[in-house]
Amino acid sequence: MENRTEVFWELFREQPPAYIEELEQRARENDVPIIRRATRDLLRYLLRTRSPRHVLEVGTAIGYSALFMKENMPENSDITTVEKVPARIREARENFRKYDGRGQIFLREGDAAQVLKELVIEKREKSREGFDFVFMDAAKGQYLTFLPDVLQLMEPGGILVSDNILHGGDVLESRYAVTRRDRTIHGRMREYLKVLTEHGDLETICLSLGDGVTLSAYLPRGTERRRV
């Protein structure tokens, strides 16, 4: 059913620039994990309707999603993206050199847990603006570790998008139905979902599109919340 649905939606899907499709094809040929088209559609919608000024991406890979987001953001906006794998850093830098003509994308190298802490310090010491849009798409078992620093980096009213929440469908299963090696991620992803949905400063919705996505609005205590 999912495949039939995707084929149907393709009839109505806005096509990205040709180079984005080329990067997608190359990534799939080389087994590089990239966002699914349904997730891509969601990002396009959110970015175009919210027009964020500062975007943070946790997990660059080859730069596919950062470049796609750049195509759907204002020209005066920027993206800070974080990656630690040397081979992917090299390819991402080359892709940014080719396709980020305005220099909107800034790649930070290193483990995300450390880089996020560095960004928190920089924000505090240099009085930098926070991020009004965050896309979480790195090591799934580390989402919980990243979350406290991500929230410190976000502006009130900002949006956090967390991808691959279902982890290939494993999160839907009982802990004992997944392989032993995946049980840690299974538990941490379920805990992450619990934290997101029960956090007093977040308003979260869980969506089943792609491999599962959550949207969380950061509304710290004391922030005025709109009522219908």
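Residues numbered from 1 in each chain as written. Predicted model: local features only at pLDDT ≥ 70, side-chain atom pairs only at ≥ 80, totals over all residues. Heavy atoms only, no water.

Here's the deal with the overall build of the chain
- From N to C terminus, the chain includes eight helices and seven strands.
- In the chain, buried positions account for 49% of the 228 residues.
- For the chain, contacts bridging at least 24 residues in sequence account for 69% of all contacts bridging at least 6.
- About 12,400 Å² of surface is accessible on the chain, with carbon and sulfur atoms providing 49% of the total. (Helix = DSSP H or I, 4+ residues; strand = E, 2+ residues; numbered from the N terminus. Buried < 20%, exposed > 50% of the residue type's maximum accessible area, 1.4 Å probe, protein only. Contact = heavy atoms within 4.5 Å. Areas by Shrake-Rupley, 256 points an atom, 1.4 Å probe, with all protein chains shown as cover.)

Concerning a nonpolar patch on the surface
- Taken together, Phe-8, Trp-9, Leu-11 and Phe-12 make up a surface patch of nonpolar side chains, about 500 Å² in accessible area.
- With respect to the helices and strands, Trp-9 occurs in helix H1 (residues 2-10).
- Overall, the relative accessible area of 46% leaves Trp-9 in the partly exposed class. (Patch = residues over 30% accessible without salt bridge, like charges linked within 9 Å, V, L, I, M, F, W, Y side chains within 5 Å. Salt bridge = Lys/Arg side-chain N within 4 Å of Asp/Glu carboxyl O.)

Things to note about the nonpolar core
- Formed by 34 residues in total, the largest nonpolar core has its most connected members in Leu-43, Met-69, Phe-133 and Val-161.
- Elements with a contribution of two residues or more to this core: helix H2 (18-29), helix H3 (37-50), helix H4 (64-70), helix H5 (86-99), strand E3 (105-109), strand E4 (131-136), strand E5 (154-163) and strand E7 (213-218).
- When near neighbours in sequence (up to four residues on either side) are disregarded, Met-69 contacts Leu-43, Leu-47, Val-55, Glu-57, Ile-79, Phe-133 and Phe-135. (Core = buried A, V, L, I, M, F, W, Y, C linked by side-chain atoms within 4.5 Å.)

Focus on the packing of H2 against H5
- In contact at an axis separation of 12 Å, H2 and H5 are set at 165° when each is read in the N-to-C sense. Classified by the interaxial angle, the pair formed by H2 and H5 is roughly antiparallel. Seen from above, H2 lies across H5 with right-handed handedness. Across the interface between the two elements, Tyr-19, Glu-22, Leu-23 and Arg-26 from H2 touch Glu-91, Asn-95 and Tyr-99 from H5. (Axes fitted to C-alpha atoms, helices over the stretch in contact; angles between N-to-C directions. Parallel < 35°, antiparallel > 145°, perpendicular 65-115°, else oblique. Left-handed = near helix turned anticlockwise from the far one by under 90°.)

What about the pattern of salt bridges?
- If you walk through the whole model with that rule in mind, you get 22 salt bridges.
- A salt bridge links Glu-24 to Arg-28; the nearest nitrogen and oxygen atoms lie 3.3 Å apart. Note that Glu-24 and Arg-28 are positioned in helix H2 at a spacing of four residues, about one turn of the helix.
- With relative accessibility at 5%, the residue Glu-24 sits in the buried group.

Some points on the packing of helix H6 (residues 112-125) against helix H7 (residues 143-153)
- It is at 9 Å that the axes of H6 and H7 come closest, and there the two elements cross at 20°. In terms of orientation, H6 lies roughly parallel with respect to H7. Our pair here, H6 against H7, has a crossing hand that is left-handed. Between H6 and H7, the contacting residues are Ala-112, Ala-113, Leu-116, Lys-117, Leu-119, Val-120 and Lys-123 on the first element and Thr-145, Phe-146, Asp-149, Val-150, Gln-152 and Leu-153 on the second.
- Counted by class, the contact of H6 with H7 contains eight nonpolar, two polar and three charged residues. (Nonpolar A, V, L, I, M, F, W, Y, C, P; charged D, E, K, R; others polar.)

A short note on the side chain of Gln-104
- Along the chain, Gln-104 falls in the loop between H5 and E3.
- Here Ser-77 takes part through its backbone oxygen, which lies 3.2 Å from a polar atom of the side chain of Gln-104.
- Those residues within four positions of Gln-104 in sequence are excluded, and the remaining contacts are Lys-70, Pro-74, Glu-75, Ser-77, Asp-78 and Ile-79. (Polar contact = N/O pair within 3.5 Å; in protein donor to acceptor, adjacent residues only side chain to side chain.)

Bear in mind that shape data such as this cannot, by itself, settle questions of function.
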